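Results of the structural survey
What follows is each chain in one-letter form.
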Amino acid sequence: MRHAIVFGATSAIAAEVCARWAARGDRLHLVGRDSDKLAAVAARCGAAEVTTAAGDFTDLARAEALAHEAVAALGGRVDVVLVAHGDLGDQQRSEHDVAEAARIVQTNFLSVVALLVPLANVLERQRSGTLAVITSVAGERGRPRNYTYGAAKGALHVYLQGLRSRLYPAGVTVTTLKLGPVDTPMTVGHPRNALFATPQRAARDIDRAIARRAVVAFVPWYWRPILFVVRHTPEPLFQRLGFLSGR
């Protein structure tokens with residue numbers, strides 16, 4: 001039985017991961033913004049041992065306490081942490097409103113780092129465990145439709161690279177989960193296409209990546225070759241390809 005903490009547990013994808021882990025018999029501590037939604041996720045976990053805590057991830061001053069309270073709820077032992085919260089924000093508003101741009105960066109980068117700092121220290125002292133963080137393929141290259149969000153995710157990718165190297169000698173795994181578009185409430189209003197995954201598919205791939213202690217996993221897998229092309233497309237051509245860079 002693993003002891004697992006899930007931050008952002010009420011997201012559609014994280015809720016599916018929680019259900020999978022609970023069915024396996026893991027002990028879970030779930031953290032999210034909405035107490036009622038947390039209760040619903042906990043109910044999906046059936047007979048598994050589950051505790052919950054509500055918290056505002058954008059409250060950076062409270063993040064360290066939130067992390068330590070989560071560890072304490074599991075009796076001080078942590079095998080895996082999944083950080084799953086995020087917010088696309090309003091890209092066009094962020095181009096004219098500094099407050100919106102700052103909110104997107106704080107939600108998708110700073111609030112994650114604020115949790116990872118204390119959690120990394122706990123696992124480093126423990127000399128075991130996995131930190132898994134859901135990021136986004138949007139962080140691979142800036143596009144007009146979501147470059148503020150993408151910039152925050154790109155910064156998070158770099159942070160996780162450094163954290164991974166730091167924690168390697170302690171036997172701690174850091175897994176970057178580069179998520180493609182998923183059919184969830186977060187993407188409501190975005191045109192659907194064949195590349196959209198279901199929450200169940202994404203949860204399965206995330207579960208497998210964590211189990212095999214992957215360094216970087218594209219979710220689903222087909223985003224790896226797609227993003228290889230995107231990263232290596234020359235800038236002038238990239239700017240002209242509307243299907244990649246347009247709004």
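No experiment lies behind these values; they were computed from the predicted model shown.

**Some remarks on helix H6 (residues 147-167)**
In this model, H6 (21 residues) spans 30 Å end to end at C-alpha, consistent with the 30 Å of a helix rising 1.5 Å per residue. Within H6, the full set of buried residues consists of Thr 148, Tyr 149, Gly 150, Ala 152, Lys 153, Gly 154, Leu 156, His 157, Leu 160, Leu 163, Arg 164 and Leu 167. If you follow the buried residues of H6, they end up packed against helix H4 (91-94), helix H5 (98-126), strand E5 (130-136), strand E6 (173-179) and strand E7 (216-219).

**Here we look at the nonpolar core**
Counting residues in each nonpolar core, the largest one holds 40 residues, and the members touching the most others are Trp 21, Leu 82, Leu 177 and Ile 206. Setting aside its immediate chain neighbours within four residues, Leu 82 contacts Ile 5, Val 6, Phe 7, Val 17, Trp 21, Ala 132, Ile 134, Leu 177, Ile 206 and Ile 210. Formed by 33 residues, the second largest nonpolar core is a distinct cluster that contains Val 71, Val 81, Ala 114 and Val 172.

**Overview of the pairing of strand E3 (residues 50-54)**
As defined by bridge partners, strand E2 (residues 27-32) adjoins E3 across five bridges and the pair is classed as parallel. Its bridge partner lying in E3, Leu 28 is registered against Val 50. Once the chain exits E2 it traverses helix H2 (residues 35-44) before rejoining the sheet at E3, and the crossover so formed is right-handed.

**Here we look at the pairing of strand E4 (residues 80-83)**
Because side chains alternate across E4, one face comprises the buried residues Val 80 and Leu 82, and the other comprises Val 81 and Val 83, equally buried. Judged from the four bridges that link them, E4 and E5 form a sheet pairing that is parallel. When the bridges of E5 are listed, Leu 82 appears paired with Ala 132.

**So, the pattern of salt bridges**
The tally for this structure, following the rule as stated, stands at 16 salt bridges. We note a salt bridge from Glu 100 to Arg 103, for which the minimum N-O separation is 3.0 Å. In this pair, Glu 100 and Arg 103 both sit in helix H5, three residues apart, roughly one turn of the helix. Measuring nitrogen to oxygen at the nearest pair gives 2.5 Å for the salt bridge that ties Arg 231 to Glu 140. Taken together, the residues span a long stretch of sequence, with Arg 231 in helix H8 (residues 223-232) and Glu 140 in the loop between E5 and H6 at a distance of 91 residues. Looking at Glu 140, the relative accessible area reads 15%, which means it is buried. Each of Asp 87, Arg 93, Asp 97, Glu 100 and Arg 103 takes part in a single network of salt bridges with overlapping partners.

**A short note on the sheet that holds E4**
The parallel open sheet is built from seven strands, whose spatial order is E3-E2-E1-E4-E5-E6-E7. Edge positions in the open sheet fall to E3 and E7, since each of these has one partner strand only. Direction aside, neighbouring strands of the sheet carry axes that sit 15° apart on average. Strand direction decides the pairing type here: strand E1 (residues 3-7) and E2, joined by five bridges, are parallel. Looking across to E2, one finds that Ala 4 is bridged to Leu 28. Each of E4, E5, E6 and E7 touches helix H7 (residues 199-211); the most contacted strand, E7, lies at about 170° to it.

**Section: the packing of helix H3 (residues 60-73) against H5**
At a closest axis distance of 9 Å, the pairing of H3 and H5 adopts a crossing angle of 45°. Looking at the two axes, H3 sits oblique to H5. Crossing geometry of H3 relative to H5 is assigned as right-handed. Residues Leu 60, Ala 63, Glu 64, Ala 67, His 68 and Val 71 of H3 form the contact with H5, whose participating residues are Gln 106, Leu 110, Ser 111, Ala 114, Leu 115, Pro 118, Leu 119 and Val 122. Across the contact of H3 with H5, the residue classes tally to 10 nonpolar, three polar and one charged.

**Thoughts on the layout of surface pockets**
In this model, the second largest pocket occupies a volume close to 160 Å³. Lining the second largest pocket, in full, are Arg 201, Arg 204, Asp 205, Arg 208, Ala 209, Arg 212, Ala 217, Phe 218, Trp 221 and Arg 224. If you list the elements that add at least two residues to the lining of the second largest pocket, you get H7 and E7. Residue composition of the lining of the second largest pocket, grouped by class: four nonpolar, no polar and six charged.

**Overview of the side chain of Thr 148**
Summarising the element assignment, Thr 148 is placed in helix H6. Ignoring any residue separated from it by four or fewer positions in sequence, one finds Thr 148 in contact with Gln 91, Ser 94, Ala 101, Ile 104 and Val 105.

The rules we used
- Residues numbered from 1 in each chain as written.
- Predicted model: local features only at pLDDT ≥ 70, side-chain atom pairs only at ≥ 80, totals over all residues.
- Heavy atoms only, no water.
- Helix = DSSP H or I, 4+ residues; strand = E, 2+ residues; numbered from the N terminus.
- Expected span 1.5 Å × (residues − 1).
- Buried < 20%, exposed > 50% of the residue type's maximum accessible area, 1.4 Å probe, protein only.
- Contact = heavy atoms within 4.5 Å.
- Core = buried A, V, L, I, M, F, W, Y, C linked by side-chain atoms within 4.5 Å.
- Pairing = 2+ DSSP bridges.
- Right-handed = clockwise from strand over helix to strand, strands pointing away.
- Salt bridge = Lys/Arg side-chain N within 4 Å of Asp/Glu carboxyl O.
- Axes fitted to C-alpha atoms, helices over the stretch in contact; angles between N-to-C directions.
- Parallel < 35°, antiparallel > 145°, perpendicular 65-115°, else oblique.
- Left-handed = near helix turned anticlockwise from the far one by under 90°.
- Nonpolar A, V, L, I, M, F, W, Y, C, P; charged D, E, K, R; others polar.
- 1 Å grid on protein atoms, 1.4 Å probe; cavity = no way out; pocket = protein on both sides within 12 Å on 5 of 7 lines; lining within 4 Å.
- Points joined across faces, edges and corners; volume = space filled by probe spheres on them.

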